[in-house]
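Structure assessment
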Amino acid sequence: MRTNQIRQQLHEYIDSAEDKKLKAIYTLVENDINDEFTFSDEQKRELDKRYNEYINGIGENDTWEETVAMARQALADRKTLK
């Protein structure tokens, strides 16, 4: 079943579900609905610092390709450790 079909069936079901079942479904997804990611003040300061370094040409900056290569290498290294 495709995702759009699942969505449609869920919408139809939720529209007519009994209160008890609706509350049970909500309980399953409540954390996902209410979770809003926010950065801590320390994380914001670090991001600001890195952004300013980037804008001013200070520090190390990797291309997307270099970043992907490093991530793939790190993943390969982890697999060999297991």
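Residues numbered from 1 in each chain as written. Predicted model: local features only at pLDDT ≥ 70, side-chain atom pairs only at ≥ 80, totals over all residues. Heavy atoms only, no water.

Digging into the overall build of the chain
Of regular secondary structure, the chain possesses four helices and zero strands. The C-alpha atoms of the chain give a radius of gyration of 22 Å, which is well past the 12 Å a tight globule of 82 residues would have. Taking the principal axes of the C-alpha coordinates as reference, the chain spans close to 60 × 35 × 25 Å. Within the span of the chain, comprising 82 residues, buried residues form 1% of the whole. (Helix = DSSP H or I, 4+ residues; strand = E, 2+ residues; numbered from the N terminus. Rg over C-alpha atoms; globule rule 2.2 N^0.38 Å. Buried < 20%, exposed > 50% of the residue type's maximum accessible area, 1.4 Å probe, protein only.)

As for the pattern of salt bridges
Once their charged atoms are close, side chains differing in charge can pair, the charge on each being opposite to the other. Per the stated rule, a full pass over the model turns up three salt bridges. Taking the shortest distance from any N to any O, the salt bridge between Glu53 and Lys49 comes out at 3.9 Å. Taken together, the residues span about one helical turn, with Glu53 and Lys49 both in helix α3 (residues 41-55) at a distance of four residues. A relative accessible area of 42% means that Lys49 is categorised as partly exposed. (Salt bridge = Lys/Arg side-chain N within 4 Å of Asp/Glu carboxyl O.)

Here's the deal with the environment of Lys44
Relative to the helices and strands, Lys44 resides in helix α3. A relative accessible area of 42% places Lys44 in the partly exposed class. Taking the C-alpha atoms as reference, Lys44 lies 32 Å from Tyr26; in sequence the two are 18 residues apart.

Some remarks on a nonpolar patch on the surface
A surface patch of nonpolar side chains, amounting to about 550 Å² of accessible area, comprises Met1, Ile6, Leu10, Tyr13, Ile14 and Leu22. The element contributing the most residues to the nonpolar patch is helix α1 (residues 3-16), with four residues. (Patch = residues over 30% accessible without salt bridge, like charges linked within 9 Å, V, L, I, M, F, W, Y side chains within 5 Å. Areas by Shrake-Rupley, 256 points an atom, 1.4 Å probe, with all protein chains shown as cover.)

Notes on the confidence of the model for the chain
Considering every residue of the chain, the mean pLDDT works out to 89; 99% of them sit at 70 or more. Within the chain, helix α2 (residues 19-34) has the poorest average pLDDT of any element, 87, and α3 the best, 93. (pLDDT = per-residue confidence, 0-100.)

What to know about a negative patch on the surface
A cluster of acidic residues, Glu60, Asp62, Glu65 and Glu66, forms a negative patch at the surface. For Glu66, the position within the fold is in helix α4 (residues 64-81). Residue classification places Glu66 among the partly exposed positions, given a relative accessible area of 40%. (Lys, Arg positive; Asp, Glu negative; His and termini not counted. Charge placed at Lys NZ, Arg CZ, Asp CG, Glu CD.)

Points about the environment of Ala24
Relative to the elements of secondary structure, Ala24 occurs in helix α2. In the structure, Ala24 is positioned 14 residues away from Thr38 in sequence and 27 Å away in space, judged by C-alpha atoms.

Side note on α2
Largest kink in α2: about 50°, centred on Leu28. Little of α2 is tucked away, with zero of its 16 residues classed as buried. (Bend = angle between axes of the 7 residues up to and from the residue.)

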